[in-house]
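Working through the structure, step by step
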Amino acid sequence: MSASRAERLQEQVTERGLDALLVTELVNLRWLTGFTGSNGAAIVGPGRRIFLTDFRYLTQAADEVGDAWEHRIIPDLLAAAAEEFASAAGLRLGFDDLHVTVAQHRRLAEKLEDRVELVGAGGVIEGLRAVKDPEEIDRIRAAAELADDAFREVVLEGGIVGRTERDVALDLEVAMRRRGAEGVSFPPIIAAGAHGALPHASPRDVPIPADTLVVVDWGAQLDGYASDCTRTVATGELDPQDAEVYALVLRAQETALAAIQAGPTGREIDAIARTIIDDAGHAEHFGHGLGHGVGLAVHEGPRLSKLGETALAAGNVVTVEPGVYLPGRIGVRIEDLVAVTADGADVLNGLPKALTRVA
Ligand code: ZN
Ligand code: ZN
């Protein structure tokens, strides 16, 4: 599998007029080589498949990174990368300008002297990562299902009224870990009542009251892959106005979800949900994009937002998560994680979206 990824990357490297690409960002490196350690790099070019790491990862690299790669075990990765081009002249070496620091770039440039031109090539691997293979989609689905199970146990069956947001968040985290997750894909958001009007609310040491809405946004990291889901639940009777907001967000979510397939841009899908929310008079209450890609990272390409110019492709895995946030009152967000197919979307999580009352 890694070999074919390296081949796909090689095509991009050639297309960009580069002689080689230096890969240093760890998530990109994991995607490319399978390496899960904390210090490594790779060089990809015609006839070049070089993997670099330090002595601590000798055995791990042998296990995780296949024979398609030439392994170099060396303490100083940048110096070793430069060494690969010691006899090169007039060569164009791409590097990840989205992640390489200014200091690293300076060191590399000094070592490469004028023989090798460093060319910014950030986003090349991210573009490839956005299209998942079936095995990756299975892993994301497994992470999503694990997260669903934790939610059923902690929120739906366990009940949340009278418990603090922090306590529920911690329980969700533990429930995911106990089911085999490596960790959370991001710290869970549990936000009751007016606190739910903050899209990125941190859980507080405040008991969750009855008769309000609670936003729960959580995800698991399993086998390297992330999941991301949001449900907004009612803790009893709701003010009719709040129930109406819930129904509006649900309609926006389901309508946008039904439009997902290979072809439209992220901006077009975003606009479908946004128009519904705008028409209901809540334009200023939906301030974030509709969704984002999910994979080895919980936020990656493509994006579903006003800035999403890329056409969706089969194999993209994206969230669909409209929200309406009424400051000082409530927030509602409903988020599904879906794999884009040629003619639709395969929803990877399985929790119901009809307004659910929890104790
Ligand atoms: Zn989320
Ligand atoms: Zn999300």
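In this text the structure is predicted, and so the values were computed from the model without any measurement.

The rules behind these values
- Residues numbered from 1 in each chain as written.
- Chains lettered and ligands numbered in written order.
- Predicted model: local features only at pLDDT ≥ 70, side-chain atom pairs only at ≥ 80, totals over all residues.
- Heavy atoms only, no water.
- Helix = DSSP H or I, 4+ residues; strand = E, 2+ residues; numbered from the N terminus.
- Rg over C-alpha atoms; globule rule 2.2 N^0.38 Å.
- Buried < 20%, exposed > 50% of the residue type's maximum accessible area, 1.4 Å probe, protein only.
- Donors = N, O, S within 2.8 Å, 3.2 Å for Na, K, Ca; no water.
- Tetrahedral: all angles 85-135°; square planar, octahedral: opposite > 155°, others 65-115°.
- Domains from an automatic or database assignment.
- Contact = heavy atoms within 4.5 Å.
- Buried area = accessible area lost by both parts, 1.4 Å probe.
- Salt bridge = Lys/Arg side-chain N within 4 Å of Asp/Glu carboxyl O.
- Polar contact = N/O pair within 3.5 Å; in protein donor to acceptor, adjacent residues only side chain to side chain.
- Nonpolar A, V, L, I, M, F, W, Y, C, P; charged D, E, K, R; others polar.
- 1 Å grid on protein atoms, 1.4 Å probe; cavity = no way out; pocket = protein on both sides within 12 Å on 5 of 7 lines; lining within 4 Å.
- Points joined across faces, edges and corners; volume = space filled by probe spheres on them.
- Core = buried A, V, L, I, M, F, W, Y, C linked by side-chain atoms within 4.5 Å.
- Pairing = 2+ DSSP bridges.
- Axes fitted to C-alpha atoms, helices over the stretch in contact; angles between N-to-C directions.

1. Comments concerning the overall build of the chain
The number of helices and strands found in the chain is 10 helices and 19 strands. At 23 Å, the chain has a C-alpha radius of gyration in line with the 21 Å of a compact globule built from 359 residues. Judged by the C-alpha coordinates and their principal axes, the chain covers about 75 × 40 × 35 Å. Within the chain, the proportion of its 359 residues that are buried is 52%.

2. Considering the coordination of the zinc ion (ligand 1)
Bound to the zinc ion (ligand 1) are the protein donor atoms Asp217 (OD), Asp217 (OD), Asp228 (OD) and Glu335 (OE), situated 2.0 to 2.6 Å from the metal. Counting residues between consecutive donors of the zinc ion (ligand 1) along the chain gives the motif D-x10-D-x106-E. Separating the zinc ion (ligand 1) and the zinc ion (ligand 2) is a distance of 3.1 Å, and Asp228 donates to both of them. With a gap of 107 residues between them, Asp228 in the loop between strand S11 (225–226) and strand S12 (229–234) and Glu335 in the loop between strand S17 (330–333) and strand S18 (336–341) connect regions that are remote in the sequence. Like Asp228, the residue Glu335 is buried in the burial classification.

3. As for the coordination of the zinc ion (ligand 2)
The coordination sphere of the zinc ion (ligand 2) contains the protein donors Asp228 (OD), His292 (NE2), Glu321 (OE) and Glu335 (OE), at a distance range of 2.1 to 2.2 Å. Classification of the site at the zinc ion (ligand 2) rests on its four donor atoms, whose angles at the metal span 78 to 153°, yielding the label irregular. In the primary sequence, the donor residues of the zinc ion (ligand 2) line up as D-x63-H-x28-E-x13-E.

4. A few points about the domain arrangement of the chain
According to the domain assignment, the chain contains domain 1 (2–129) and domain 2 (134–347). Contacts between domain 1 and domain 2 engage five residues on the former and seven residues on the latter. Regarding the contact of domain 1 and domain 2, the summed buried area is about 490 Å², with carbon and sulfur atoms giving 46% of it. Between domain 1 and domain 2 we count two salt bridges in total. The tally of links between domain 1 and domain 2 comes to one residue pair in polar contact (both at pLDDT 80 or more). Looking at the side of domain 1 that touches domain 2, the element that brings in the most residues is helix H2 (residues 26–33), giving three residues. A breakdown of the residues in the side of domain 1 that touches domain 2 according to their chemical character gives two nonpolar, no polar and three charged.

5. A look at the layout of surface pockets
Reported here for the largest pocket is a volume of approximately 630 Å³. Lining of the largest pocket is provided by 29 residues; of these, His200, Gly291, His292, His299 and Glu321 occupy positions nearest its centre. Elements supplying a minimum of two residues to the lining of the largest pocket: strand S13 (291–293) and strand S14 (300–304). When its residues are assigned to classes, the lining of the largest pocket shows 10 nonpolar, 11 polar and eight charged.

6. Remarks on the nonpolar core
The biggest cluster of nonpolar side chains holds 35 residues, and the ones touching the most others in it are Leu9, Val23, Leu32, Trp69, Val317 and Leu348. Among the secondary structure elements, those contributing two or more residues to this core are helix H1 (2–15), strand S1 (20–23), H2, strand S2 (40–45), helix H6 (124–129), helix H7 (134–157), S11 and S18. In terms of domain composition, this core takes at least three residues from each of domain 1 (2–129) and domain 2 (134–347). Beyond its immediate stretch of four places on either side in the chain, Val317 contacts Ala130, Lys132, Ile137, Ile140, His292, Gly293, Val294, Leu337, Val338, Ala339 and Leu348. Residues Leu250, Ile277, Leu304 and Leu326 belong to the second largest nonpolar core, which totals 29 residues.

7. Some remarks on the sheet that holds S1
The strand order S4-S3-S2-S1-S5-S6 describes an open sheet built from six strands, whose pairing is mixed. Strands at the two margins of the open sheet, each flanked by one partner only, are strand S4 (70–73) and strand S6 (116–120). Within this sheet the neighbouring strands show an average axis-to-axis angle of 25°, counted without direction. Here S1 pairs with S2 via three bridges, running antiparallel. From the neighbouring strand, Val23 faces S2, where its bridge partner is Ala42. Against the sheet, helix H5 (residues 102–112) engages S1, strand S5 (91–95) and S6, with an angle of about 155° to S6.

8. Examining unusual backbone geometry
Keep in mind that most residues, glycine aside, have a negative phi and that most peptide bonds are trans. In the segment running from Gly301 into Pro302, the intervening peptide bond is cis, with an omega of -5°. Tracing the backbone shows Pro302 in strand S14. In this model, Glu113 sits at a positive phi of 50°, which is unusual for a non-glycine residue. Secondary-structure assignment places Glu113 in the loop between H5 and S6. Even without glycine at this site, Asp223 takes up a positive phi of about 60°. Turning to its location among the elements, Asp223 is positioned in the loop between strand S10 (220–222) and S11.

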